[in-house]
Amino acid sequence: MDEDDTRRLLVDLAASLFARGFSVGSAGNISVRLADGYLITPTNSSLGRLDPARLARLDAGFAHVGGDRPSKEVFMHRAFYTARPEARAVVHLHSTMATAVACLPEVAPDNPIPPLTPYFVMRIGRRMPVVPYFRPGDPAMEPAIAAAARDARAALLANHGPVVCGASLTDAVYAAEEVEEAAKLFLLLRSASPRRLTEAQIEALLVAFG
Ligand code: 13P
């Protein structure tokens, strides 16, 4: 896929997320790794109305080299790319259910959402830790996110929202959608005692799907 195709795909996926309520207002940001740098959504832009030509272009060192002013969360994306060399794209949302879980003080910070469904395990893996609260755009968040990203493909930022990476733009968006669905199931079933996937079932998923 060349850069123009990647720009169009990012805009289409972002519009789809916005149309389905995964993002409201100017919340959320998306980035993708290119051969020689990154594209990231401009700060204060709506995921519903991005212009492919105005996406911010970063060089391989994350310096702004073209397009509109980049998201203030560049460092959040950089933490994932640096900690996980296989990451080709990063999606950060304020999607409602995942953010709700990120506001609960009593959940297990190392892994708040139990393994209920195969697709959560397939898209996210075994763990999605909670990273302590920092204000949006605070660069002090980067080491905390990098620490979480070293052994998880996704994290919940306390009182803020989810951030996930993927092996492609499409993969990262699918993972962000799966995080939201898993959070919804977790909240729906909180007062019940749902059956969890067993360790053997989780292992079989990881062997088959990585
Ligand atoms: P930006 O508009 O700077 O990308 O910030 C949006 C956001 O989601 C902050 O967490």
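Structure first, text after, so check above.
Structural notes, computed from the coordinates. (Residues numbered from 1 in each chain as written. Predicted model: local features only at pLDDT ≥ 70, side-chain atom pairs only at ≥ 80, totals over all residues. Heavy atoms only, no water.)

1. Re the site of the ligand
The following threshold applies: The criterion for a residue being near a molecule or strand is simple. One of its heavy atoms has to lie within 4 Å of it. Polar contacts, as used here, are pairs of N or O atoms within 3.5 Å; protein pairs need one atom able to donate a hydrogen and one able to accept it. Residues neighboring in sequence count only if both atoms are side-chain atoms. Per-residue and other accessible areas follow the Shrake-Rupley method at a 1.4 Å probe size, with only the shown protein chains counted as cover for residues. As a working rule, the residues Ala, Val, Leu, Ile, Met, Phe, Trp, Tyr, Cys and Pro are called nonpolar, Asp, Glu, Lys and Arg charged, and the rest polar, with Gly in that last group.
The immediate surroundings of the ligand are formed by 13 residues, with Thr43, Asn44, Ser71, Glu73 and His160 found nearest. Thr43 has a polar side-chain atom sitting 2.6 Å from an oxygen atom of the ligand. Between an oxygen atom of the ligand and a side-chain N or O atom of His94, the distance comes to 3.0 Å. Out of a free accessible area of 300 Å², the ligand has 97% covered by protein chains. Residues that form the shell around the ligand fall into these classes: 2 nonpolar, 9 polar and 2 charged.

2. A look at the environment of Pro114
Condition: Working definition: helices are DSSP H or I runs of at least four residues, strands are E runs of at least two. Numbering for both runs from the N terminus. Whether two residues are in contact is decided by their heavy atoms, any of which lying within 4.5 Å being enough.
In this structure, Pro114 sits in the loop between helix H3 (96-102) and helix H4 (118-123). A C-alpha to C-alpha distance of 38 Å links Pro114 and Asp2, two positions 112 residues apart in sequence. With residues up to four places along the chain from it excluded, the contact list for Pro114 reads Phe186 and Arg196.

3. Topic: the sheet that holds strand E3 (residues 56-59)
Strand pairing in a sheet relies on backbone hydrogen bonds. The paired strands run either parallel or antiparallel. In plain terms, the rule: Two strands pair under a simple rule: DSSP has to find at least two bridges between them. With axes taken as lines fitted to C-alpha atoms, and helix axes fitted only over the stretch in contact, angles between N-to-C directions fall between 0 and 180 degrees.
Here 8 strands make up an open sheet; going across it, the order is E4-E3-E2-E1-E5-E8-E7-E6 and the pairing mixed. On the outer flanks of this sheet lie strand E4 (64-66) and strand E6 (130-131), each paired with one strand and no other. The pairing of strand E1 (residues 29-34) with strand E2 (residues 37-40) spans 4 bridges and is classified as antiparallel. Paired with Ser31 across the strands is Ile40, a residue of E2. Its contacts with the sheet put helix H1 (residues 3-19) on E1, E2 and E3, and the angle it makes with E1 is roughly 160°.

These figures come from the coordinates and say nothing about function on their own.
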